[in-house]
Amino acid sequence: MAERKFSVRHVPGAAPIAIVTFIALYAPIVILIANAFNAGPVIGRWEGFSLRWFASAMQNEAFRNAALNSLIVAMLAALFSTLLAVMAALAITRGRRLKGEGGIFVVLNQPLLVPEIVLAIALMIVLAQIKQATGYHGLAYMIVAHSTFCIPFAFMPIRARLEGMDLTLETAAMDLYAGRFYTFRRVTLPLLAPGILAGFMLAFVVSLDNVVVSSFVKSPGQETLPTYLMGELRRNLSSEIYAISALLLFASVTVVAASWLITRRKP
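Below or above, wherever it landed, is the structure these notes cover. All values reported here derive from a predicted model rather than from experimental measurement.

Each value, and the rule that gives it
- Residues numbered from 1 in each chain as written.
- Predicted model: local features only at pLDDT ≥ 70, side-chain atom pairs only at ≥ 80, totals over all residues.
- Heavy atoms only, no water.
- Phe/Tyr/Trp six-rings, centres within 6.5 Å; stacked < 30°, edge-to-face > 60°.
- Buried < 20%, exposed > 50% of the residue type's maximum accessible area, 1.4 Å probe, protein only.
- Lys NZ or Arg CZ within 6 Å of the ring centre and 35° of its normal.
- Core = buried A, V, L, I, M, F, W, Y, C linked by side-chain atoms within 4.5 Å.
- Helix = DSSP H or I, 4+ residues; strand = E, 2+ residues; numbered from the N terminus.
- Contact = heavy atoms within 4.5 Å.
- Polar contact = N/O pair within 3.5 Å; in protein donor to acceptor, adjacent residues only side chain to side chain.

1. Observations regarding the packing of aromatic side chains
So, step 1. Considering all chains together, one arrives at 4 aromatic pairs under this definition.
So, step 2. Look at Y136 and Y141: their rings are 5.5 Å apart centre to centre, the planes differ by 40 degrees, and that puts the pair in the tilted class.
So, step 3. A residue is classified by how much of its surface remains accessible, and Y136, at 44% relative accessible area, is partly exposed.
So, step 4. One aromatic cluster in this structure is built from F37, F49 and F54.
So, step 5. Sitting over the ring of W53, R52 keeps its end group 4.2 Å from the ring centre.

Now the structure itself:
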């Protein structure tokens, strides 16, 4: 008699545990979104459907400035971290095997392993000394800090894409006397493009949602959207905060969904 394969669906109690887990994860998010569309000012008491809090958020100059800072930092940090991740992934997957390659992976993934607050304090100490030496206090420091911890998030999908690619086309191009750069530009890069875009999107979302590193590195008046929300929560919890949080959630979900659709494509 053939042995039946293991399936989690046949484990007693697996379905109820999974349902409870999903409810615990997503019920608070559903409540937040519902309150964002609540017409009344009292949180927890439904007074009808309305978009008034979204309109109020759009008229809030502090929110607009924080959102603009977040977009600038996230776009540039994602761009720089993706460029560095592409170079690192190419060096590891297409270069000669190096001694201590496992150590290189550990270094690249260090921001994933170290608690975020430790990395934030370390970046704050280093960048504070640079601020003191240069006298410059612009957004560039936050962009550098975000780029640092976004590198491993961009590196993972790019490296996975490179390792899953068939080397036949690259080898054939070189056999036809194509140079390394020409082969990279006309063969490797088009095949790698979905992985690069996925890594960029993932780094963008991680930077956009970050609050710990931003709180430690930012200069006075340089609010990003997450730090602005944290400050507003300390002063007053209103339905406008729910609306802003819902907008941030929709933006993050859209980018993550697009990244998932891109990475589904096979090389």
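From this point, the narrative continues.
2. Overview of the nonpolar core
So, step 1. Ranked by internal contacts, the top residues of the largest apolar core, which has 42 residues, are F63, I158, L162, V213, V217 and I244.
So, step 2. Elements that contribute at least two residues to this core include exactly α3 (61–94), α6 (116–134), α7 (140–164), α9 (180–209), α10 (212–217), α11 (225–235) and α12 (239–263).
So, step 3. The element best represented in this core is α3, accounting for 11 residues.
So, step 4. If we ignore the near neighbours within four places in the chain, the residues touching F63 are A57, M58, L225, Y228, I244 and L247.
So, step 5. Membership of the second largest hydrophobic core comes to 7 residues, among which are A36, W53, A243 and A246.

3. A few points about the side chain of S70
So, step 1. Tracing the backbone through its elements, the reader meets S70 in helix α3.
So, step 2. Accessibility expressed as a relative area gives 4% for S70, which makes it buried.
So, step 3. Engagement of the side chain of S70 in a polar contact is seen with the backbone nitrogen of L225, the distance being 2.6 Å.
So, step 4. The contact partners of S70, leaving out residues within four places of it in the chain, are L208, T224, L225 and P226.

4. Details of the environment of I43
So, step 1. Turning to its location among the elements, I43 is positioned in the loop between α1 (14–36) and α2 (52–58).
So, step 2. The exposure class of I43 is partly exposed, given its relative accessible area of 33%.
So, step 3. Here the alpha-carbon distance between I43 and L237, two residues 194 residues apart in the chain, equals 8.7 Å.
So, step 4. Leave out the neighbours within four places in its chain, and I43 touches N35, L237, S238, S239 and Y242.

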